[in-house]
4 protein chains.
Amino acid sequence: MLQEKVIAYRRDFHKYAESGWREFRTTAKIVEILRDLGYEVAFGKQVIHPPSVMGREPEEGIQQQMKRAVNQGGDSGIIEEMKGYTGAVATLETGRPGPVIALRFDIDSNDVIEREDEKHRPQKEGFRSVNEGMMHACGHDGHTAIGLGLAELLIKDKNRLSGTVKLIFQPAEEGVRGAKAMVDKGILEGVQYFLSGHLGFNLGTGKFAPKTEGFLSTTKIDAEFIGAGAHAGSNPEEGKNALLAAATAALNIHSIPPNSGGVTRVNVGVLDAGVGRNVIAPKASMKIETRGETAALNTYVYDKAVKIIESAAGMYDNRFNIKKMGEAITVSCDLKLAEWAKKTAEDLQDIDEIIELKHLGGSEDATFMMKAVQDQGGLATYLFFGANTAAGHHNEGFDFDEEVLMKGIHFYHAVIHTINQKHS
Amino acid sequence: MLQEKVIAYRRDFHKYAESGWREFRTTAKIVEILRDLGYEVAFGKQVIHPPSVMGREPEEGIQQQMKRAVNQGGDSGIIEEMKGYTGAVATLETGRPGPVIALRFDIDSNDVIEREDEKHRPQKEGFRSVNEGMMHACGHDGHTAIGLGLAELLIKDKNRLSGTVKLIFQPAEEGVRGAKAMVDKGILEGVQYFLSGHLGFNLGTGKFAPKTEGFLSTTKIDAEFIGAGAHAGSNPEEGKNALLAAATAALNIHSIPPNSGGVTRVNVGVLDAGVGRNVIAPKASMKIETRGETAALNTYVYDKAVKIIESAAGMYDNRFNIKKMGEAITVSCDLKLAEWAKKTAEDLQDIDEIIELKHLGGSEDATFMMKAVQDQGGLATYLFFGANTAAGHHNEGFDFDEEVLMKGIHFYHAVIHTINQKHS
Amino acid sequence: MLQEKVIAYRRDFHKYAESGWREFRTTAKIVEILRDLGYEVAFGKQVIHPPSVMGREPEEGIQQQMKRAVNQGGDSGIIEEMKGYTGAVATLETGRPGPVIALRFDIDSNDVIEREDEKHRPQKEGFRSVNEGMMHACGHDGHTAIGLGLAELLIKDKNRLSGTVKLIFQPAEEGVRGAKAMVDKGILEGVQYFLSGHLGFNLGTGKFAPKTEGFLSTTKIDAEFIGAGAHAGSNPEEGKNALLAAATAALNIHSIPPNSGGVTRVNVGVLDAGVGRNVIAPKASMKIETRGETAALNTYVYDKAVKIIESAAGMYDNRFNIKKMGEAITVSCDLKLAEWAKKTAEDLQDIDEIIELKHLGGSEDATFMMKAVQDQGGLATYLFFGANTAAGHHNEGFDFDEEVLMKGIHFYHAVIHTINQKHS
Amino acid sequence: MLQEKVIAYRRDFHKYAESGWREFRTTAKIVEILRDLGYEVAFGKQVIHPPSVMGREPEEGIQQQMKRAVNQGGDSGIIEEMKGYTGAVATLETGRPGPVIALRFDIDSNDVIEREDEKHRPQKEGFRSVNEGMMHACGHDGHTAIGLGLAELLIKDKNRLSGTVKLIFQPAEEGVRGAKAMVDKGILEGVQYFLSGHLGFNLGTGKFAPKTEGFLSTTKIDAEFIGAGAHAGSNPEEGKNALLAAATAALNIHSIPPNSGGVTRVNVGVLDAGVGRNVIAPKASMKIETRGETAALNTYVYDKAVKIIESAAGMYDNRFNIKKMGEAITVSCDLKLAEWAKKTAEDLQDIDEIIELKHLGGSEDATFMMKAVQDQGGLATYLFFGANTAAGHHNEGFDFDEEVLMKGIHFYHAVIHTINQKHS
């Protein structure tokens, strides 16, 4: 039964959770399953434009992750073929003229240590992450399973479809690091319809939103302060205190004023400074993100943050550097496509209630893909599939109602048919 | 030849560097060597008062370190006998009435990742630390070797000595965490003369200081802030930002005013906050030390730091806790004993120049031992043995001129004879 | 001619600008003019509920301002009758049954030093403020003149009107300090229709807005930090630094996170700390305002600000106190009354263009009056009368196109007739 | 009787307290009294080098102070002759060859509002300062009275003396703003012996210190931040917040690390920022002082403070400027002259106890005069005359035991004789 299969997929991905740019086992499994189904699959460096990659760890770490992936059952041949990059794109050519449709599924986990007690279902039922510090706490394991289940349905249904369907398995959505590198590789070229979606988000199982408003434009940066250490007791005057530079920057970044032009956000999420208690801290690093309702508003916050970092470094005679680690833009869903999606959902037994989503307040790098499609005259929308959850997204106790998996598969399947019919 | 032997000792300890409360292999080696020489040795829990132990890691980590120590050649029987605590005390009873003399050697390494290139002699000559993140960057490997070399000389010389000599091998001097637990166990009871010393400290090889002024009283604390995470884009109002609480605390702790009563110091050496870029930081931790020329001055700074931590936590609705991780006091060297040491040194070929040391600006928990001896009517002094060094203490490239080892041994040997003669 | 008269009124009020709770001469002039026209006028303590007064200076200062007002031509008898409180309410009873309409005009100046060069018309034409530090930089002198010109038209027109018209001359709108004390005195009781408005606001002369959206709920507070001074060179340890407490509070108040529930604002507009360069600052004061799109959002910011002040004071062992200095709420204009206003304006030659105003981003304490009227079943709206201005509101070079005065009078006159007709 | 006269002098100066560069009445009185005694007196611009003047208010204010001084009984002719500058130097030429001795008395008051209740003797006995905000809270009124009483004794004694005695009445010692301008005018040229001193300083009446150690080198600066205002509710993004720039600077200036080279001090004593509650603060100013045990240590702190100001301004896109407002250096008393002073004191009935003063922790611009004399081969010392005080120096309730006045006069008289004898 398909449902059992996709639940098994999801739990397997959950157990072997791999965070952004480390999804070697995940990608290998995806490739194996899709090939078995009969798909043509491009993957790894074939679907990634390396210069556009953001927030990928140094090569040495990548090598270790590849070894780990092989140890955890990833096919070593496939992994070798990836040439260090993750992600896959499967294409179904029906051989009949018709629309070019792309669906995107993100596959990476979070950097979270998963809850370990028995109240947490993945622990109790034996699929808690074996990779400490990597956990599917956002539901991308579910997205991946939906994509694979859908792939199976589509193959069986191939003769009733026309045009082309592309199934995109994107790495590194967390931190909005992966989509741009796929877009820049050209995988969206020719695509006329694009859909992606997310499960959960405080919507109960059975609810569905055919479009989304309020994506925030965002930039993710890492800042580094390089000062000079000194013995804090004997020679404090010789230090160039990077910890205080960073603390000053953090406070002032959070004081960036709001903007009458619209919503903005900024966060210094991580600050690590110093090497030892009795040493003036010689270095500090910060993980920062800026957001804005528009690109201009994001830039407004970003420019101020950079100025503050530069000044705080100067204040303590520190050097500094700033590295872009991720990026997403703001985009609008096409109402026409959203309307088709809504109609499709209304006709499905799987969906109980259709709702309107506003003010998301979050960011998604699917927006790069949506924009690429819109720029070439296509239509795009971003969906939400309700699912009861055991805890908030990104929480160590996150888990979701697996009923959502088949609902997602059924919706995607149906909407492809809808587009086939409506397309002219 | 003794010199070759002590150099070998030093390099062995250097290679298997163990930081505070983890010196299981080191202690086992010390016990083996001393027993072979014929000493009665107490060690581990026999010489440590657990309630006075500061800055020791959780039991789980200790168990792992014991396993590692055994794997690295530590005698498993001896290690088991330690009952989780490190350090040793060897006693030489001459059988003749005379002075009770104690010498103290600290044995722990730093938390430093050792330099790896060929310009660094330990790397080039194969004794770089195999324990990543633990390195003898302060010279305690040398102190330990001096203690063991001295033990050999004393045994051979036993018949020419009277009274008792205790050789104390103290764990966890870094962070001033270990001496108090030995004092509280009572190992200084009855001791009439106490000497300890340090090599290096910008004094070239051949220089010697018979006493020290300007120890700073110090307290080491870890502070933890516990706030609440929240998605920084969607629900910033739900967060209780521990990163900003800690940053505010750090800035204000460094603003604690100086004191007209004497030198004070404070340092927030380490600040780690947050879990992810897009999450309001739910937690933060800081490693802090306060110092003062007197206990009252240290308390002045300490009390202000605590108040600031408490207030900064309150400002962001955070909970907090503060844990004492180390402590040392200030003490004066006894001029009479220092004078004997000076005279002893003047008569040695090993010593080229005798100098006066002032304003140390650092802290030492040997001060607890000195005070314990002084409180029972004894005399104590703290020495410096000059040694050319390749880099500053605590630096990843630290190394020292091993000529200092025999100089130290010869001095201690000679000064025991001096005390034997002067004591009445 | 009425136009010349109201321009003369406006310039007289401009020249003798009086800021909030100091409008003794202004009130006396208003009372004189209205009485001469035949109005029954209540004023001073008769129209103010003292316990609800916010941000009024100490009695001593009030006494001095009363003396100044008399010196500047205010009727001493009237001023004495005020019993220390400013503001006036004139009532026109037509004797015929009909609607009870209230119009509100604010009369206070800003705390601004007026521009002194010849390019500034009030200077050139001799009506620059003679009261240094008090200047009509917001146009309330114009509002007052409009109210008085309207009073003259209404009296002449009395026989064509029915019901009751109340003309409210409100003190202390700047800082939103005065309206609540008039409401709490009960001057709005029985009022069925309420209108107030503002001139200028970047709308050119001839433009008109019949309603306003986006008032922000606001609270104005003064915070005081009381520490202890000490000689910064000799005894820094004895100080309790109020300057650093205030600086810490200011930075952290500006770091209060945004809220996904809607727009919030916070500002520490003024910070004064310390008494001398070489003294640890023993005291500091801050002027703060919080705002929110709803009362709950304003409270969210306010509560955090208070917590921060309390914690920052605690951090430096300071005492503190917080005093509410002003308050305004958010309210919606009644669309029905706004529609009548719009229709009225469309029929007037004075109005060239009718526009919709959104997202004001500011606060107004007329909102207390609007809410009082709405709570008893009445209708209320807040208007804008466009006027070219020489500089932004609150700027030292502010001046406005006096053409707006007759436009305002004509509109108010006409809208009263409209309400007379529509009321049933 | 001389004692009654000098007490009357002191109380007159106390009542008409004049702060730095405003001592017009004080100087006029000094000139009158000294001329009456028969002295040649240079004063005002004759004894001041204007380019070296620091911290003098704008000319306009000076003009007002001169008017005030005349209104308070200052001789208008003398005041006019001063040409805007205060201070005086009286020279006693004995006509006999001998030493050139200079004594210096500072004459300015503090910027303090004097205590007003009856427990404060100056209030009770009618000599509380009539100049609000100016108060002799440091005892310079006493220094001036001692100088004038001594002048009378010396004139009577002229025939028993040889050489030259210069009595220097220096303006603007508070804030260390005046001495340099007198030195640069050349008034110390040819001086071979220099003495100055201070009364009070926690030494009881009758105690005496013949020399001082531990003057701190100091620099006084005013920093100004120029940002841009904006309505905090409507357009917060347009502001350039000078208040936050200054707050950040203040916190980080107080975080400048101590120095192992010796005592340092820094204080932001005053911070004034902003123009109104609802405006992003467009400007801020700070009064700062840096100190160090040596000139190099003062420079260490000063350079860091400047860097912090510059960086904090940059952080908020503010312009800034820094103005030097005062300066004093560190200097050592000559032991030979101090010894003569000590011997002199031992022989006087007025002095009960001679003490040694260390670690002053304060600054004095007499140090410029001392250095000038030492640089030309002369000897200099700085004395302390004990006096019971009612409150600490610079406190609003400061008052001192007037017994110290005659003790000071007798000592200076006697030490001149001593120098006459010892000089060769």
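Residues numbered from 1 in each chain as written. Chains lettered and ligands numbered in written order. Predicted model: local features only at pLDDT ≥ 70, side-chain atom pairs only at ≥ 80, totals over all residues.

As a further point, take the overall build of chain A. When helices and strands are tallied, chain A shows 12 helices and 12 strands. Its C-alpha atoms give chain A a radius of gyration of 23 Å, within 12% of the compact-globule value 22 Å for 424 residues. Looking at chain A as a whole, 61% of its 424 residues are labelled buried. Contacts in chain A between residues at least 24 apart in sequence constitute 83% of all its contacts with a sequence separation of at least 6. (Helix = DSSP H or I, 4+ residues; strand = E, 2+ residues; numbered from the N terminus. Rg over C-alpha atoms; globule rule 2.2 N^0.38 Å. Buried ≥ 20, exposed ≤ 12 C-beta atoms within 10 Å, placed from the backbone. Contact = placed C-beta atoms within 7 Å.)

With that out of the way, let us pick up the relation of the copies chain A and chain B. Least-squares fitting of chain A to chain B yields an RMSD of 0.1 Å, with the superposition described by an axial translation of 0.2 Å and a rotation of 180°. Accordingly, the operation relating the two chain copies is best matched by a two-fold axis. Mapped onto chain B, 100% of the interface residues of chain A again fall at the interface, so both copies present the same surface. (Least-squares fit on C-alpha atoms with pLDDT ≥ 70 in both.)

All names here are of chain C. Strand order in the open sheet made by the eight strands is β1-β2-β4-β3-β5-β12-β6-β11, with mixed pairing throughout. Sheet topology places β1 (40-43) and β11 (353-354) at the edges, where each strand pairs with a single neighbour. Inspection of the sheet shows strand β2 (residues 88-93) paired to strand β4 (residues 164-170) by six bridges, in the antiparallel sense. Counterpart to Leu-92 in the pairing with β4 is Val-165. Running at roughly 165° to β1, helix α2 (residues 24-37) makes contact with β1, β2 and β4 of the sheet. Where helix α11 (residues 366-375) meets the sheet, its contacts fall on β3 (100-106), β5 (193-199) and β12 (379-385), and the angle it forms with β12 comes to roughly 150°. (Pairing = 2+ DSSP bridges. Axes fitted to C-alpha atoms, helices over the stretch in contact; angles between N-to-C directions.)

Turning our attention to the interface of chain A and chain D. Across the boundary between the two partners, chain A contributes 20 residues, which contact 20 residues of chain D. Broken down by secondary-structure element, the contributors of at least two residues to the side of chain A that touches chain D are α8 (242-253) and α9 (295-315) of chain A. Residue composition of the side of chain A that touches chain D, grouped by class: eight nonpolar, 10 polar and two charged. (Nonpolar A, V, L, I, M, F, W, Y, C, P; charged D, E, K, R; others polar.)

You can overlay chain A on chain D at an RMSD of 0.1 Å; the transform is a turn of 179° with a shift of 0.1 Å along its axis. In this assembly, 100% of the residues forming the interface of chain A have copies in chain D that are likewise at the interface, indicating an isologous arrangement.

All right, on to the interface of chain A and chain B then. The interface is formed by 39 residues belonging to chain A together with 39 residues belonging to chain B. Mapped onto the side of chain A that touches chain B, the elements with two or more residues apiece are α8, β8 (264-273) and β9 (283-292) of chain A. Among the elements that take part in the side of chain A that touches chain B, β8 of chain A stands out by supplying eight residues, more than any other. Of the residues contributing to the side of chain A that touches chain B, the split by class is 16 nonpolar, 15 polar and eight charged. Examined bridge by bridge, β8 of chain A and strand β8 (residues 264-273) of chain B share three bridges and lie antiparallel to one another. Counterpart to Leu-271 of chain A in the pairing with β8 of chain B is Ala-273 of chain B.

A few words now on the pairing of strand β7 (residues 217-226) of chain D. Residue and element names in this part refer to chain D. With seven of its 10 residues buried, β7 lies for the most part within the structure. With 10 bridges joining them, β7 and strand β9 (residues 283-292) adopt antiparallel strand pairing. Looking at β9, one finds that Glu-224 is bridged to Ser-285. In this structure, β7 lies alongside strand β10 (residues 319-328), joined through nine bridges in antiparallel fashion. Bridge pairing in β10 links Asp-222 to Lys-323.

The next point concerns the environment of Leu-154 of chain C. All names here are of chain C. Residue placement: Leu-154 occurs in helix α6 (residues 140-156). Overall, Leu-154 belongs to the buried group, with 23 C-beta atoms counted inside 10 Å. Note: C-alpha distance between Leu-154 and Val-373 (219 residues apart in sequence) is 22 Å. Apart from residues lying up to four places away in sequence, Leu-154 is in contact with Leu-92 and Val-165.

This next bit is on the domain arrangement of chain A. All names here are of chain A. Once the domains are mapped, chain A shows domain 1 (2-215 + 331-422) and domain 2 (217-327). Listed as interface residues are seven residues of domain 1 and, on the opposing side, seven residues of domain 2. Looking at the side of domain 1 that touches domain 2, its residues break down into two nonpolar, three polar and two charged. (Domains from an automatic or database assignment.)

Turning our attention to the sheet that holds strand β1 (residues 40-43) of chain A. Residue and element names in this part refer to chain A. Strands sit in the order β1-β2-β4-β3-β5-β12-β6-β11 across an open sheet of eight strands; the sheet is mixed. The sheet is open, and its two edges are formed by β1 and β11 (353-354), each paired on a single side. Against the sheet, helix α10 (residues 335-346) makes contact with β5 (193-199), β6 (207-209), β11 and β12 (379-385), and its axis sits at roughly 40° relative to β12, the strand it touches most. Strand contacts of helix α12 (residues 403-422): β3 (100-106), β4 (164-170), β5 and β12, with the helix running at about 165° to β5, the strand carrying the most contacts.

Our next topic: helix α9 (residues 295-315) of chain D. When the terminal C-alpha atoms of α9 of chain D are compared, their 30 Å separation across 21 residues agrees well with the 30 Å that a helix rising 1.5 Å per residue should span. Residue Asp-317 of chain D follows α9 of chain D closely and has a positive phi angle near 55°. (Expected span 1.5 Å × (residues − 1).)

For residues that are not glycine, phi is negative in most cases, and the peptide bond is trans in most cases. Backbone geometry at Phe-201 of chain C places phi at a positive 60°, although glycine is not the residue there. Structurally, the position occupied by Phe-201 of chain C is in the loop between β5 and β6 (207-209). Within the chain, Val-176 of chain D stands out as a residue other than glycine whose phi angle is a positive 45°.

Residues and elements named next belong to chain B. Within strand β12 (residues 379-385), seven of the seven residues are buried, leaving the element largely enclosed by the surrounding structure. Here β12 shows no split at all, with Leu-379, Thr-381, Leu-383 and Phe-385 on one side and Ala-380, Tyr-382 and Phe-384 on the other all buried. Two elements, strand β5 (residues 193-199) and β12, share seven bridges in a ladder whose sense is parallel. Bridged to Tyr-193 within β12 is Leu-379.

Let's shift gears to the environment of Trp-340 of chain A. Considering the arrangement of structural elements, one finds Trp-340 of chain A in helix α10. For Trp-340 of chain A, a count of 22 C-beta atoms within 10 Å puts it in the buried group.

Attention now moves to helix α8 (residues 242-253) of chain C. Residue and element names in this part refer to chain C. Spanning 12 residues, α8 covers 16 Å between terminal C-alpha atoms, matching the ideal 16 Å at 1.5 Å per step. Extensive coverage of α8 is indicated by the burial of 12 of its 12 residues. Along α8, the residues that are buried comprise Ala-242, Leu-243, Leu-244, Ala-245, Ala-246, Ala-247, Thr-248, Ala-249, Ala-250, Leu-251, Asn-252 and Ile-253.

All names here are of chain A. Interhelical geometry of α8 versus α9 gives an angle of 150° and a closest axis separation of 8 Å. With respect to α9, the axis of α8 lies roughly antiparallel. For the crossing formed where α8 meets α9, the hand is right-handed. Where α8 abuts α9, its residues Ala-245, Thr-248, Ala-249, Asn-252 and Ile-253 lie against Ala-305, Ile-308, Ile-309, Ala-312, Ala-313 and Met-315. (Parallel < 35°, antiparallel > 145°, perpendicular 65-115°, else oblique. Left-handed = near helix turned anticlockwise from the far one by under 90°.)

Take the environment of Asp-141 of chain C next. All names here are of chain C. With respect to the helices and strands, the residue Asp-141 is situated in helix α6. Asp-141 sits in the buried class, given 30 other C-beta atoms within 10 Å. Separated by 121 residues in sequence, Asp-141 and Gly-262 place their C-alpha atoms 34 Å apart. Discounting residues that sit within four places of it in the chain, Asp-141 has contacts with Arg-10, Phe-13, His-14 and His-136.

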